[in-house]
Amino acid sequence: MLKLHGNLPVLNSASRDAYLVTITTNANLPSVLKKNRALLMQPDQDPKGYKAVLTKEKERKAVDADSDVFQISDDYSYLNEGDIVRLDPSSGSMQSLYRKNSPHNTILLTEQCNHYCLMCSQPPKDVDDSWLLQEAFELISLMPTDTKGIGFSGGEPTLYGDRFIDLLHHTKRSLPTTAIDILSNGRAFKDIEFAKKYAAVEHPDMLLGIPIYSDDAVRHDYVVQSRGAFDETIKGILNLKKVDQKVEIRIVIHKQTIDRLVKTCEFIARNLLFVDHVALMGLEITGFTRPNLDLLWIDPYEYKDILSEAVAVLNNYGMNASVYNHQLCTINPDVLGNYRRSISDWKTEFLDECLSCTKRADCGGLFSSSKQFRHSRYIKAFK
Amino acid sequence: MSEFRTIEFYKTRESSSYRLLPFRFTSLDKDQYVLTNMSGEYLVSTRDKLLDLLQHKLSNEDPTYVELRSRHFLTDNNSSIAPELLAIKLRTRYDRLAEFTGLHIFVVTLRCEHSCSYCQVSRQSEDKLRYDMSSEIAVGAIDLALRSPSKNIKIEFQGGEPLLNFELIKFVVLEAKKRNQRRGKNLAFVIATNLALINEHILTFCGQHSILISTSLDGPKDLHNANRPRPGRDSYEKTIDGIKFVRQILGKDRVSVLMTTTEASLNRVREIIDEYLIQNLNGIFLRPLSPYGFAIKTKSYRAYNAERWLDFYKEGLEYIIDLNRQGIDFIEYYAATILKKMLTSEDPGYVDLMSPSGIGIGAVVYNYDGYVYASDESRMLAEMGEEKFRLGNVLEDSYEKIFTSPNLLDPLEESFAYSVPMCSDCAFEPYCGADPVFHYALYRDYVGRKPESEFCSRNMATFRFLIKKMEADKFIRQLFTKWANN
């Protein structure tokens, strides 16, 4: 697992406030550019004139008094030219916000949410964190226009209402060809006017990933811990399709959803056949999942036949379906056509058992949290 | 972190507060009932639970309750999205009506070199003038076809044996394309032929104009040749060679094959299916025998009843299911048509199982002599002297006059199953059709008396059979879902 944020020793502090900055390895930039770059410094380089300097060396080299100098450890050796970080010299914190060579750049827009899902990986906090949205505007501006894709997640991004729509317009202007994946519970789109505003962004490649955890309204409401959620989410999806927007349905598989998984897929095929994609996702052992583990955990190997049946329903109806977050040794071969290596690069792990596996290159691996807390008891190397 | 609530918190307290959505029910077998809602979704339940449901006594703790809510048979304080989803599904189901007539059948000649006993219409004659469609009539028919609001127009050439008048087929294809230029509809062509007269010249033309071939294969050689006599007694050989020829020149997917069931077929369903396997076909349509034409005259229709056909059908379907279980992909198209209605919101567009009926508005027939009929069966009735479904004449009547003819509108309206006695409260109405021509042919009435209707008893038994099969076996359920979406 990559360490995306942490506190670093500050060798020199010049700025008072936190800021976003693009990393460079080029020590010979024109001085006008140095002023807004962070130099990822090699021992023999001259760091003068850079806004910030990231160095592995402990001793302070001669730097300008107005450079912020952070000492970085090997944890951050993934950092490279074009990456974007947030630096806060007053606290010494650094957060990697954008990795140029990664397909998995997701921007957290808020930790507030109107759901309280049993297995939430990003437990909601009821505090004003609208600075995250402000930062997202800036981050988007800094990203290179050839960025393939980015994600927006939360919390619930649509809680910002029109300001969320503004962010989408801003993103389309800054990154016209970058695909956008948005994770939302979809409830805001029950208001057709909001759906129309969203559609008015007229983005060529924008997808909303919306969860439906059961065909049973009560069970869905229970999983997301919010009364009336099911109806509003369905209504939201209907409105989004009325205005021709791309929608993906996401189902997290766990003990509270597995019993109705096949029926849920049948419900989707009969009522929401027009959605663009259905993702059947394994459980990530993080956030609320950890305290609720007994309530949620079921070994994927034990539900593999149900998964096969659910995938068959979606395939037979001609729907575009994917299986995410599973290991090849825990699924039946009949779902291989739908199997995707989906876990973000920075949190993919393998077990020792996997080292000798002949299919490792094709396998999505495990969440680092699964490796740490709970994974299938049937992980076994293919020989 | 605040407390998580249990699922009990999210259930409505009083279970009697649910509201029923429109649905119908009927017995499935001794113990079970089948319930269907407006969009054709079905649910199987015991009689006791059904009674509880109807008396508002079903507990929301009951597993059936959850099924009923998620499949839109009831709504309660926990979810009221059902009416909106039902409306979308119903709209999808009837979408086809707005398109109006898509299939336009041109009877280019009544002449045929076969003399099949069950054939409704063909003539053994050399008299071209008398039984061939003229180019003047063809032009009138093309103009009527292109007037249809439908974006997709399919012209199907039938006979007799249409290849006996191939010159007219060529003329119609070229003329229709020319006249369509400013309208820009999607034009498709099919020739329904016994293939005895197929040759390279014809197939080259078919290739140039993307014309599909539809032909007949009734089963093994002896059965096929007995059903389809022609000079030389070689109908089977001609058909098989023809299919190979078409595949070779036009491609494997360019020829479809239909089977006609006769009394001689009834004990031989496996052999018939095997013949289709031998010919490398990926499905078969186990059709009921139609009651029209010589079939009625010669009493061959009455020669077997619904029950005997059902035995034939069930044996065939079981055999096909077993083939699939062995990994051989093979479809039974009659089941696939019905299953599409049961498991999806799409209408398969099969004229016999449409309500409102598909006559005139799904398909229309331009006969060789210029008369326009509401369906293929309608012109067969006319050949027998019953002109009830004659809509007008290509040369004399306008499009408006033909398609608002009382001979079309009356049967459409009167036979609409949703408002027909016994159909209106039949649980299988969403799967069934109106078929006013069938009922008129047998009962002199667009509706008929359903308890006596062979159409009704045959279809009801088929619906029950299909539901029981897929309820009992997950493999069959998956197979049927695949067929429904085929």
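Residues numbered from 1 in each chain as written. Chains lettered and ligands numbered in written order. Predicted model: local features only at pLDDT ≥ 70, side-chain atom pairs only at ≥ 80, totals over all residues.

## Some thoughts on the overall build of chain A
Just so we agree on the cut-off: Secondary structure counts use DSSP, requiring at least four H or I residues in a row for a helix and at least two E residues in a row for a strand, with both numbered from the N terminus. In this description the radius of gyration comes from C-alpha coordinates, and the expected globular size is given by 2.2 Å times residues to the power 0.38. Field definition: a residue is buried when 20 or more other C-beta atoms are found within 10 Å of its C-beta, exposed when 12 or fewer are, and partly exposed for counts in between, with C-beta atoms placed from the backbone. The contact criterion used is a C-beta to C-beta distance within 7 Å, with each C-beta placed from the backbone.
Within chain A one finds 10 helices and 17 strands. Computed over its C-alpha atoms, the radius of gyration of chain A comes to 22 Å, within 12% of the 21 Å expected for a compact globule of 383 residues. When burial is assessed residue by residue, chain A has 46% of its 383 residues classed as buried. Here the analysis covers contacts within chain A between residues at least 6 apart in sequence; of these, 71% occur between residues at least 24 apart.

## Quick word on the overall build of chain B
On a plain count of helices and strands, chain B comes out with 20 helices and 15 strands. Computed over the C-alpha atoms, the radius of gyration of chain B is 25 Å, within 12% of the 23 Å expected from 2.2 N^0.38 for a compact globule of 486 residues. Taken across its 486 residues, chain B has 46% of its residues classed as buried. In chain B, of all internal contacts separated by at least 6 residues, the share reaching a separation of at least 24 is 70%.

## Describing the interface of chain B and chain A
One widely used convention gives an interface's size as the accessible area the parts lose upon coming together. Our working rule: Ten residues, namely Ala, Val, Leu, Ile, Met, Phe, Trp, Tyr, Cys and Pro, are considered nonpolar, four, namely Asp, Glu, Lys and Arg, are considered charged, and the remaining ones, Gly among them, are considered polar.
Taken together, the 21 residues of chain B in the interface contact 26 residues of chain A. For the side of chain B that touches chain A, a count of residues per class yields 7 nonpolar, 8 polar and 6 charged.

## Digging into the pairing of strand β6 (residues 68-71) of chain A
In regular strands, side chains alternate between the two faces of the sheet. Residue and element names in this part refer to chain A. In plain terms, the rule: Pairing between strands is defined by DSSP: at least two bridges between the two strands are required.
Both strand β2 (residues 10-12) and β6 contribute to a ladder of 2 bridges, which runs antiparallel. Bridging from a neighbouring strand, Val-10 pairs with Phe-70 of β6. Inspection of the sheet shows strand β5 (residues 52-55) paired to β6 by 4 bridges, in the parallel sense. Its bridge partner lying in β6, Val-53 is registered against Val-69.

## Considering the sheet that holds strand β13 (residues 246-252) of chain A
All names here are of chain A. We apply this condition: Helix axes are fitted to C-alpha atoms over the stretch in contact, other axes to C-alpha atoms as well, and angles between N-to-C directions run from 0 to 180 degrees.
Pairing in this open sheet of 7 strands is parallel, and the strands run β9-β10-β11-β12-β13-β14-β15 from one edge to the other. The strands lining the two open edges of the sheet, one partner per strand, are β9 (106-108) and β15 (321-324). When the angles between neighbouring strand axes are averaged without regard to direction, this sheet yields 25 degrees. With 4 bridges joining them, strand β10 (residues 149-153) and strand β11 (residues 179-183) adopt parallel strand pairing. Paired with Gly-149 across the two strands is Ala-179, which belongs to β11. Against the sheet, helix α9 (residues 304-316) engages β14 (277-281) and β15, with an angle of about 155 degrees to β15.

## Concerning the sheet that holds strand β2 (residues 23-27) of chain B
Residue and element names in this part refer to chain B. Taken together, 3 strands build an open sheet; the order of strands is β2-β3-β4 and the sheet is antiparallel. Because the sheet does not close on itself, it has two edges, and the strands there are β2 and β4 (42-46). On average, adjacent strands in this sheet sit at an angle of 25 degrees to one another, irrespective of strand direction. Taken together, the 5 bridges between β2 and strand β3 (residues 32-37) define a ladder with antiparallel strand orientation. Bridging from a neighbouring strand, Ser-27 pairs with Tyr-33 of β3.

## A look at the domain arrangement of chain A
Residue and element names in this part refer to chain A. In plain terms, the rule: What fixes the domain bounds is an automatic or database domain assignment.
If you check the domain split of chain A, you get domain 1 (5-95) and domain 2 (106-372). The C-alpha-based centres of domain 1 and domain 2 are spaced at 35 Å. On the side of domain 2, 6 residues touch domain 1, which itself brings 4 residues to the contact. Split by residue class, the side of domain 1 that touches domain 2 holds 2 nonpolar, 2 polar and no charged.

## Describing unusual backbone geometry
For the bond from Gly-154 of chain A to Gly-155 of chain A, the omega torsion is 10 degrees, close enough to zero to count as cis. Relative to the assigned elements, Gly-155 of chain A resides in the loop between β10 and α3 (162-174). For the bond from Gly-159 of chain B to Gly-160 of chain B, the omega torsion is 15 degrees, close enough to zero to count as cis. Residue position: Gly-160 of chain B is located in the loop between β7 (152-158) and α7 (166-180).

## Considerations on the nonpolar core
Operational definition: Only buried residues count toward a nonpolar core: Ala, Val, Leu, Ile, Met, Phe, Trp, Tyr and Cys, linked into one set through C-beta atoms within 7 Å.
Phe-106, Val-107, Ala-141, Val-172 and Val-372 of chain B are the most contacted members of the largest nonpolar core, which has 118 residues in total. Core analysis: the second largest hydrophobic core is formed by 102 residues, Phe-70, Leu-118, Leu-283 and Phe-288 of chain A among them.

## Focus on the environment of Tyr-18 of chain B
Looking at the element boundaries, Tyr-18 of chain B is found in the segment before β1 (19-20). Beyond its immediate sequence surroundings of up to four residues, Tyr-18 of chain B is in contact with His-56, Leu-74, Thr-75 and Asp-76 of chain B.

## Topic: the environment of Glu-57 of chain A
Residues and elements named next belong to chain A. Along the chain, the position of Glu-57 falls in the loop between β5 and β6. Residue classification places Glu-57 among the partly exposed positions, given that 14 C-beta atoms sit within 10 Å. On a C-alpha basis, the gap between Glu-57 and Phe-70 in space is 9.7 Å, while along the polypeptide they are 13 residues apart.

## Some points on the domain arrangement of chain B
Residue and element names in this part refer to chain B. The domain boundaries assigned to chain B delineate domain 1 (23-75 + 84-93), domain 2 (100-406) and domain 3 (409-474). Here the C-alpha centre of domain 3 lies 23 Å away from the C-alpha centre of domain 2. Among the elements of the structure, α13 (306-325), α14 (333-343) and α15 (376-383) are those that each provide at least two residues to the side of domain 2 that touches domain 3.

## Some thoughts on the packing of α9 of chain A against helix α20 (residues 474-484) of chain B
This is how it is decided: Here the angle decides the label: under 35 degrees means roughly parallel, over 145 means roughly antiparallel, 65 to 115 means roughly perpendicular, and every other value means oblique. Helix crossings get a hand from a simple test, with the near helix turned counterclockwise from the far one by less than a right angle marking a left-handed crossing and a clockwise turn marking a right-handed one.
Relative orientation of the contacting elements α9 of chain A and α20 of chain B amounts to 20 degrees, with a least axis distance of 9 Å. Between α9 of chain A and α20 of chain B, the interaxial angle falls into the category roughly parallel. Of the two possible hands of crossing, α9 of chain A and α20 of chain B adopt the one that is left-handed. Within the contact between the two elements, α9 of chain A uses Ala-312, Val-313 and Asn-316 of chain A and α20 of chain B uses Gln-478, Thr-481 and Lys-482 of chain B.

## Describing helix α10 (residues 235-250) of chain B
Residues spaced three or four apart along an α-helix point in a common direction, a consequence of the helix completing one turn every 3.6 residues. Residue and element names in this part refer to chain B. Inclusion rule: In this analysis, the expected span of each helix is defined as 1.5 Å times one less than the number of residues it contains. Directions pointing from the helix axis toward each C-beta atom define the arc.
Taking 1.5 Å of rise per residue, the 16 residues of α10 would be expected to cover 22 Å, and the 21 Å separating its terminal C-alpha atoms lies within 8% of that figure. Residues of α10 that are buried include every one of Ser-235, Tyr-236, Lys-238, Thr-239, Gly-242, Ile-243 and Val-246, and no others. In a view along the axis of α10, the buried residues occupy a sector of 160 degrees, so they form one face of it. Once α10 finishes, Gly-251 follows within two positions and takes phi at roughly 120 degrees, a positive value.

## Brief notes about the pairing of β5 of chain A
All names here are of chain A. Side chains Ala-52 and Leu-54 of β5 all project onto a buried face; the interleaved residues Val-53 and Thr-55 project onto the opposite face, where all are buried too. Pairing of strand β4 (residues 37-40) with β5, which is carried by 3 bridges, proceeds in the parallel orientation. Looking at the pairing, Leu-39 lines up with Val-53 of β5.

## Some thoughts on the confidence of the model for chain B
A low pLDDT score tells you not to read the predicted coordinates there in detail. In plain terms, the rule: Note on scores: pLDDT gives the predictor's confidence for each residue, bounded by 0 and 100.
Summary statistics for chain B give a mean pLDDT of 92 and a share of 95% for residues scoring 70 or more. Scored as a whole, the predicted complex attains pTM 0.93, and scored at its interfaces, ipTM 0.91.

## Points about α14 of chain B
Residue and element names in this part refer to chain B. Burial of α14 is extensive: 9 of the 11 residues sit out of reach of the surface. Listed as buried for α14 are Tyr-334, Ala-335, Thr-337, Ile-338, Leu-339, Lys-340, Lys-341, Met-342 and Leu-343. Those residues of α14 that are buried are in contact with β4, α13, β12 (331-332), α19 (454-472) and α20.

## Considerations on the environment of Asn-194 of chain B
Residue and element names in this part refer to chain B. Turning to its location among the elements, Asn-194 is positioned in the loop between β8 (186-192) and α8 (200-208). Counting along the chain gives 215 residues from Asn-194 to Leu-409, while the straight-line C-alpha distance between them is 34 Å. For Asn-194, the contacting residues outside a window of four places in its chain are His-114, Glu-161, Thr-215, Ser-216, Ser-235 and Thr-239.

## Overview of the packing of helix α2 (residues 131-142) of chain A against α3 of chain A
Each packed pair of helices is defined by two parameters, the angle between the axes and the distance between the axes. Residues and elements named next belong to chain A. Interaxial distance between α2 and α3 falls to 9 Å at its minimum, and their mutual angle equals 10 degrees. Taken as axis vectors, α2 and α3 run roughly parallel relative to one another. For the pair α2 and α3, contact is made by Leu-133, Ala-136, Phe-137, Ile-140 and Ser-141 and by Arg-163, Leu-167, His-170, Thr-171 and Ser-174, respectively. Here the residues of the contact of α2 with α3 sort into 5 nonpolar, 4 polar and 1 charged.

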